[in-house]
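# Understanding the architecture of this molecule
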Amino acid sequence: MFDVVISGAGPSGSHCAEVLSTAGFSVALIEKDADWRKPCGGGINHRVLDMYPELRKLNLPKIRNIAMHSAGYNKLEYQVSERARGTVMDRLDLDNFIRNKAIDAGAELFDKNLSFDFIYKNQKRVGIKTKTPSGMKDYYGNLIIVADGMSSKLSLKSGLRKKWRTEEIANGKCAIKQGKHQLDEEFIYIYFKPFKGYAWIFPLDEERFNIGVYTFSEDNINYDLNSVYNDFIKDPEIKSYIPKLDYRECWLGAYPFPVNGILEKSLIDDHVMLVGDTVGFVSPISGEGIQHALLSGKIAAETAIKALEKENFSKEFLKEYKNHPKIKQQIRSFKLKKSLREFFYKDKGKFLNKILQLAEQDAEFRAQVVDIFMSKQVPSKEFLSKIL
Ligand SMILES: Cc1cc2nc3c(=O)[nH]c(=O)nc-3n(C[C@H](O)[C@H](O)[C@H](O)COP(=O)(O)OP(=O)(O)OC[C@H]3O[C@@H](n4cnc5c(N)ncnc54)[C@H](O)[C@@H]3O)c2cc1C
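Residues numbered from 1 in each chain as written. Predicted model: local features only at pLDDT ≥ 70, side-chain atom pairs only at ≥ 80, totals over all residues.

## Comments concerning the overall build of the protein
Convention followed: Here a helix means four or more residues in a row that DSSP labels H or I, a strand means two or more in a row labelled E, and each is numbered from the N terminus. Based on C-alpha atoms, the radius of gyration is set beside the globule rule, defined as 2.2 Å times the residue count to the power 0.38. Burial is judged by counting other C-beta atoms within 10 Å of a residue's own C-beta: 20 or more means buried, 12 or fewer means exposed, and anything between counts as partly exposed, with every C-beta placed from the backbone. Contact between two residues is assigned when their C-beta atoms, built from the backbone, lie within 7 Å.
Secondary structure summary: the protein contains 12 helices and 17 strands in total. On C-alpha atoms alone, the protein measures out to a radius of gyration of 21 Å, which is about the 21 Å that the 2.2 N^0.38 rule sets for 388 residues. Within the protein, the fraction of its 388 residues that count as buried is 44%. Within the protein, counting contacts between residues at least 6 apart in sequence, those at least 24 apart form 71% of the total.

## Things to note about the site of the ligand
This is how it is decided: Using a C-beta atom placed from the backbone, a residue is described as near a molecule or strand when that atom lies within 6 Å of it. Only Asp, Glu, Lys and Arg are considered charged, only Ala, Val, Leu, Ile, Met, Phe, Trp, Tyr, Cys and Pro nonpolar, and every remaining residue, Gly among them, polar. The start and end points of each domain follow an automatic or database-based domain assignment.
Near the ligand there are 40 residues, and of these Gly10, Gly149, Gly172, Gly276 and Gly289 occur at the shortest range. Secondary-structure elements contributing two or more residues to the shell around the ligand are helix H1 (11–22), strand S8 (114–121), strand S11 (169–178), strand S14 (208–216), strand S15 (248–258) and helix H7 (290–310). A breakdown of the residues in the shell around the ligand according to their chemical character gives 15 nonpolar, 17 polar and 8 charged. Viewed by domain, the shell around the ligand spans two of them, domain 1 (2–36 + 90–163 + 263–340) and domain 2 (43–89 + 166–258), each represented by three or more residues.

## Details of the packing of H7 against helix H8 (residues 315–322)
Quick note on the threshold: Working convention: axes come from line fits to C-alpha atoms, limited for helices to the stretch in contact. Angles between N-to-C directions cover 0 to 180 degrees. When an angle is under 35 degrees it counts as roughly parallel; over 145 it counts as roughly antiparallel; between 65 and 115 it counts as roughly perpendicular; any other value is oblique. Crossing handedness is defined as follows: a turn of the near helix away from the far one that is anticlockwise and smaller than a right angle gives a left-handed crossing, while the clockwise case is right-handed.
Two elements in contact, H7 and H8, have axes separated by 8 Å at closest approach and are oriented at 150 degrees. Taken together, H7 and H8 sit at an angle that is classed as roughly antiparallel. For H7 against H8, the interelement crossing comes out right-handed. Every residue of H8 that contacts H7 at Ile299, Ala300, Thr303, Lys306, Ala307 and Lys310 is listed here: Phe317, Leu318, Glu320 and Tyr321.

## Observations regarding H7
Applied cut-off: What a helix should span is 1.5 Å times the count of its residues minus one.
For H7, with 21 residues, the first-to-last C-alpha span of 30 Å sits near the 30 Å given by 1.5 Å per residue. A positive backbone phi angle near 50 degrees is found at Glu311, which sits one or two residues after H7.

## Digging into the sheet that holds strand S4 (residues 65–69)
Pairing between sheet strands relies on hydrogen bonds along the backbone, with the strands arranged either parallel or antiparallel. Counted only if it meets this: Here the rule is simple: two strands pair whenever DSSP picks up at least two bridges between them.
Judged by pairing direction, the sheet is mixed, and its 7 strands sit side by side in the order S5-S4-S12-S13-S14-S11-S15 without closing on themselves. Since the sheet does not close on itself, it has two edges, and those belong to strand S5 (75–79) and S15, each with one partner. Mean inter-strand twist for the sheet, computed between neighbouring axes without regard to direction, equals 15 degrees. Two strands pair when backbone bridges link them, and S11 and S15 are joined in this way by 10 bridges, in the antiparallel orientation. In the strand pairing of S15, Gly172 is matched with Tyr255.

## Regarding the nonpolar core
Where we set the bar: By definition, a nonpolar core groups buried Ala, Val, Leu, Ile, Met, Phe, Trp, Tyr and Cys residues that are joined through C-beta atoms within 7 Å.
Formed by 92 residues in total, the largest nonpolar core has its most connected members in Val4, Ile6, Cys16, Val27, Ile145 and Met273. For this core, the leading source of residues is H7, giving 9 residues. Residues contacting Cys16, with those up to four places away along its chain left out, are Ile6, Ile145, Ala147, Val275, Gly297, Ala300 and Ala301.

## A closer look at the packing of H1 against H7
In a pair of packed helices, the angle between the axes and the distance between the axes together describe the arrangement. At their nearest, the axes of H1 and H7 sit 7 Å apart, and the two run at 35 degrees to each other. Between H1 and H7 lies a crossing whose hand is right-handed. Contact with H1, carried on its side by Pro11, Ser12, Gly13, His15, Cys16, Val19 and Leu20, involves Ile290, Ala293, Leu294, Ser296, Gly297, Lys298, Ala300, Ala301, Glu302, Ala304 and Ile305 of H7 and no other residues of that element. Considering only residue class, the contact of H1 with H7 consists of 11 nonpolar, 5 polar and 2 charged.

## Describing the domain arrangement of the protein
The domains assigned to the protein are domain 1 (2–36 + 90–163 + 263–340), domain 2 (43–89 + 166–258) and domain 3 (344–387). Considered class by class, the residues forming the side of domain 1 that touches domain 3 number 3 nonpolar, 1 polar and 1 charged.

## Some points on the pairing of strand S2 (residues 27–30)
The condition is simple: Consider the strands pointing away from the viewer: the crossover is right-handed when the path from the first strand over the helix to the second runs clockwise.
Of the two faces of S2, both are covered, the one formed by Val27 and Leu29 as well as the one formed by Ala28 and Ile30. Across 4 bridges, the pairing between strand S1 (residues 2–7) and S2 is parallel. Counted as the bridge partner of Ser7 is Ile30 from S2. This β-α-β element, S1 to H1 to S2, shows right-handed connectivity.

## Considering the environment of Leu356
Residue placement: Leu356 occurs in helix H10 (residues 350–361). Classification of Leu356 by C-beta neighbours within 10 Å gives buried; the count is 21. Leaving out residues up to four positions away in the same chain, Leu356 has contacts with Met68, Ser70, Asn74, Lys75 and Leu76.

Next comes the structure, spelled out in structure tokens:
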């Protein structure tokens, strides 16, 4: 019997496990495959680096500039302030790093365990059932934290949320490629297209880069992900950065992520909390989810600590997670980002073409575009009058 059973040892589950174990509680961290490299751009913002300062000591790229391109190849380049600089990592290295922090703090990792249902006693959830290579295995705990991402079986079984609808998700495909490139390692490169979504190139070092693309909402159906990916890697416009034809593909993967904001009604139930991608902690505008996964894992762990101290695992008590000011703030921020997204993607890329075209000519306008893209401000009437 554990204090807490966590399904999923990605960023949200592992960080949650670390916080709980550090506070002295016993944690079973259940993972279907710790060798799985989650399809991801590996872009990490400065808030993640603030949470794990050790990462700053590694020899990772420093993102000093962002180059955004519209579908018509108008370009907006901006410098990231020193404070706000992030990095790029191979996702398997990042997951191993966060997972090892949890293990070092005392969490027990159970790898190659696929969770698929809850165990009930007197109609209460008292644990989870898993499939392992050597048969079924049950894990018991006072609290169950569901952190197993988009494909979570437990969140469906909990009845807290339904299957994702196409308009709620994005579909991404990306690869790590190796070979001499002409990319500036201090840049990340974003390419908007005439569909909802974008393409990216994130340099990892002088020989490797992460390249990918995603579509979202109805364009998951209107556009074929494999075709948009293939078109992008062959795009003549990016040949100046990646001129070779035969880059070695170190790894390739495709995976969905939620982009419609946090499912605030699905966060808690008696004995259960949902965190990370499982319940929509991904920015609807940039697709960043690592920072938000860590935040939700941390707040859920802090709530769990109080619940364990009071021996109260009721939905009523667990509301503290849902009502935490940082979670509330995140819910509001994603709602704003979702409405800004409509603005950026208007008119199949033409709108953004015009915005970036104007930004090329006018420094003040450019600063406003950056602030809007970073969700620091909403478009003013004056700003809109220049584009509409
Ligand atoms: C193509 C793509 C690109 C992205 N790029 C970025 C980016 O550059 N920067 C960024 O910040 N975010 C990015 N994201 C989003 C980011 O990957 C997620 O938001 C983040 O990984 C969420 O963390 P998590 O711990 O909630 O879930 P996950 O990272 O999905 O972790 C879930 C864990 O649970 C395990 N698991 C799944 N099912 C079970 C089961 N039944 N039993 C046991 N274990 C299970 C999985 O193996 C995994 O380890 C991207 C996503 C995609 C798909």
